[in-house]
Structures are given as C-alpha cells and as structure tokens.
Amino acid sequence: MITAEIVHRILRLRGDGLPLVSVYVRVPTDPTDRADLPGRLNSVLDQVEPMAEDKSLDRAARLSLRGDMERMREEVRTERWRPGAVAFFSCSARDVFEAVQLPRAVQDRVVLDETPWVRPMLAVLEEYARCCVVVVDRARARVWEWFADEIEPIAALSDRTMRKPNYAATMAEDRVHHKAEELAREHYRHTAAELAQLHEADGYDLLAVGGHRAELPQFLDALPRGLRKRVAGTFTVDPHTVDRGTIKQKVEPIVARYMRDVDLRLVGEVLESVARGRGFGVLGVADCLWAATVKAVETLLVQDGAMVAGVACTNCSWLGTSGDTCPLCEHATRHTEDILDELTRAVIDESGSVRHVQEDTDIAEHLAAASLRFPLPPVP
Ligand SMILES: [Zn+2]
C-alpha cells in the first residue's frame, strides 16, 4: 500500500522539458471486469497514442511517450492489482516510473504535463484515516490496524487473571474480588502502555475501543491523557467471539464520523479566518493561487472532484487563472487543465496542509479557501 514516502517521491518527479504522463485507471471489484484492466488502460492511452505519432512533436518526446505506454501496458499485464485504482507516473526518457495502488476507484484519466498530476491520489489518501482498534477485556487485549477499509491484526497480549475462585477456600470473598480488580487494573495499564508505544511508533489518527460495555470505562480511565484524546469512539462487542467482520461493522461508522468532523472543523476554522477579515484567510481559486505563489498558505481546502483550468509560470512559482505572460517575471506561462492540482502541490511543497472537502459546505461554491500564515501583498 502507498506510503507518505512514496507520495513525496512522486511529488518531486519532473519531465524536465519532456512530457510526464500521469494515468489513473480504475480496478473493478468484480474479477471478470478486472480481467479487462489492459483494455481499460488502452482506452485511456488512446489519447496519448496520436501524440506519440505526431511528427510536429519533438522526437525525444515521441519516443518517451511510446516507452511510457509500453511500460504501463506491461505493468497491468504482469502485476496483480487490487480493486480500487492504479496510478502511473511515467517519463521513460528521464527514467521516471512509479506505479501505485490506490484503495478506492477514481475516474480513468490521463494528463500530460511536466509535473505529475497528483490530486486524485492525494484526495484518495487523505480520505483514509489510520485507526488503531483495540478490543479489551479484563485479561486480554487484541489490537488491529484499520486503513483504507483493510484490517490487519498487529498485536495481542494477555495478563494474569484469577482462576475460578474457590469460595470455600481460605480467601474471603471480598478479598477475592479485590485481587481480581487489582489484576484487571494492572492489565489495563499494561494494554494502555502498549497502545501508547504503538501510537508513538505509527502515529495513528484515531483510536477505537471495543469490549464489554461495563468494562470499557475502567479501561478508558487507564489510558494516558494524550491517547484518551484520540479515542474517536467505543463499541460494545464480546471479546471472545469478535471477528474481522464484526470489527469492520463497528469501526466503519466511527471512522466515517471522525473524517466528517475533521472536514467540518477545518472548513469552520478556515471560513472563520476569512470572516475575521484581517487578511489571514482567502476564499476562491484566484486568491488561493496568489496565496500559494507567495507561499502564504497554512491550510488549503479544495472541493473534491472540482477541476479548474489555469496557468503556471514556466520560470517562477506564479500561478494564475489566465494570462500568457507571468505578471511577476514576464516569462511565458504554461496552460494546465487543472490549476487546482498545481495549487495543491505548491502548498504541500511549502509544508502547508491540503484537504479535499467532500461534505457540502460553503467551499462547494468557491471551490477553494485557505487560511494564511501572513496577509497577502497586493496582486500584481
Ligand atoms: Zn514568473
């Protein structure tokens, strides 16, 4: 599965004067449909084919495109892709090739540019929070990782517990009870420490906790404060019989609600910074492009699925909605069918954060909004 490291490597790919081909192809869930993946890829590449033969194009570019198509066809023939989508980024003349599996379907598309077209990939990835799931009872705990609808067991631990007490024996009933409680508390602390370590190492976005309803509060109390804040939901389940299917069913709504809350909170924060009117927030594509040009964007929100044509300077970092020459350095601009993609990449390059909003909020009308690190200088 795709990692942050791969994403950053892809963001840095360049064609350096030659076309970099970005291709997204859906991989159907149905195995019969999936078998036709080479066919799907071919229909996407139908748009590239004529260019590879176009004599008005530089020979190096034509050869590079042919190499790109060949490599992609080879990949779908020989690799086993899982349902969702596969993305290719290729510029064979520059020895650039990346193929990544995406966890959900995106639209089949091809974009030729000097830079990789990354927005569908980023949008897909940020939809998936990494959730740590723990199911705990008084003596045992099992931990799963949830990412992109996949659940993997990652840890299991068990602690000492009281054997069936023999009440007729030496120990008084309240002492038995006391001892059992003590062992359970110890087990909860042990589990909490393990979880804290996992979080430290893997940086999960949220934690979901399951178990017997009566036992959960005591376990939650044992969690260190930092971890408790990450608990996005709890669920009731019998730890003895719990299986993958049950976990999925219980955790899905917790993760969905978490993601929705994150979206709404971010939209609220950014719109508030716009409303305050001190220049620390902007609304609309044009202002966001200017903000990204001067590296002012802290958090960028874009409406998921929206595409806007625009221009990028071939010399400096200027981005705009139109114009053949750059107003900053007077170099020629490059037209692009999705300036929001350039915008997204520019913000990520400057360590800003980007989120594609799926909810129907005020962002839908303006397509983009951003909170800023500093108020913008006047537009040139
Ligand atoms: Zn420029």
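Data block above holds the structure.
Analysis parameters
Residues numbered from 1 in each chain as written. Predicted model: local features only at pLDDT ≥ 70, side-chain atom pairs only at ≥ 80, totals over all residues. Heavy atoms only, no water. Helix = DSSP H or I, 4+ residues; strand = E, 2+ residues; numbered from the N terminus. Buried < 20%, exposed > 50% of the residue type's maximum accessible area, 1.4 Å probe, protein only. Polar contact = N/O pair within 3.5 Å; in protein donor to acceptor, adjacent residues only side chain to side chain. Contact = heavy atoms within 4.5 Å. Donors = N, O, S within 2.8 Å, 3.2 Å for Na, K, Ca; no water. Tetrahedral: all angles 85-135°; square planar, octahedral: opposite > 155°, others 65-115°. 1 Å grid on protein atoms, 1.4 Å probe; cavity = no way out; pocket = protein on both sides within 12 Å on 5 of 7 lines; lining within 4 Å. Points joined across faces, edges and corners; volume = space filled by probe spheres on them. Nonpolar A, V, L, I, M, F, W, Y, C, P; charged D, E, K, R; others polar. Arc of directions from axis to C-beta. Salt bridge = Lys/Arg side-chain N within 4 Å of Asp/Glu carboxyl O.

1. A word on the side chain of H356
Next up, step 1: Note that H356 resides in strand β15 (residues 353-357).
Next up, step 2: Here H356 falls in the buried class, since its relative accessible area comes to 5%.
Next up, step 3: At a separation of 3.4 Å, a polar atom in the side chain of H356 contacts the side chain of R119.
Next up, step 4: Those residues in contact with H356 that lie beyond four places of it in its chain are R119, A123, E126, D263, V302, D304 and T344.

2. Some words on the coordination of the zinc ion
Next up, step 1: At 2.2 to 2.3 Å from the zinc ion lie its protein donor atoms, namely C313 (SG), C316 (SG), C326 (SG) and C329 (SG).
Next up, step 2: Classification of the site at the zinc ion rests on its four donor atoms, whose angles at the metal span 99 to 121°, yielding the label tetrahedral.
Next up, step 3: Read from N- to C-terminus, the donor residues coordinating the zinc ion fall into the pattern C-x2-C-x9-C-x2-C.
Next up, step 4: Among the residues examined, C313 registers a relative accessible area of 7% and is labelled buried.
Next up, step 5: Under the relative-accessibility criterion, C316 is labelled partly exposed at 27%.

3. Concerning empty space enclosed by the protein
Over the atoms a probe the size of a water molecule is rolled, and this reveals where empty space is left.
Next up, step 1: This model, assessed by the stated rule, comprises one cavity of 30 Å³ or more.
Next up, step 2: What the largest cavity holds in volume is close to 40 Å³.
Next up, step 3: Lining the largest cavity, in full, are V111, D113, T115, P116, W117, T336, E337, D338, D341, E342 and R345.
Next up, step 4: Elements with a minimum of two residues in the lining of the largest cavity: β4 (109-113) and α12 (339-349).
Next up, step 5: In terms of residue count, α12 provides more of the lining of the largest cavity than any other element does, three residues in total.
Next up, step 6: By residue class, the composition of the lining of the largest cavity is three nonpolar, two polar and six charged.

4. Some thoughts on helix α3 (residues 37-45)
Next up, step 1: Along α3, the positions that sit buried rather than exposed are L37, R40, L41, V44 and L45. Around the axis of α3, the buried residues are gathered within 135° of arc, so they sit on the same side.
Next up, step 2: Contact partners of the buried residues in α3: β1 (20-27), α2 (31-34), α4 (49-53), α5 (59-78), β2 (84-91) and β4.

5. Things to note about the pattern of salt bridges
Next up, step 1: Taken as a whole and judged by the stated rule, the model has 20 salt bridges.
Next up, step 2: D263 serves as the salt-bridge partner of R355, at 2.5 Å between the closest nitrogen and oxygen. On the criterion of sequence distance, the pair formed by R355 in strand β15 and D263 in helix α10 (residues 244-276) is long-range, its members being 92 residues apart.
Next up, step 3: In this structure R355 comes out as buried when scored by relative accessible area, which is 12%.
Next up, step 4: Judged by its relative accessible area of 5%, D263 falls in the buried class.
Next up, step 5: Notably, a salt bridge pairs R334 with E342, separated by 3.3 Å at the nearest N-O pair. In this pair, the class of R334 matches that of E342, namely buried.
Next up, step 6: One continuous salt-bridge network, built from bridges that share partners, spans D113, R334, D341, E342 and R345.

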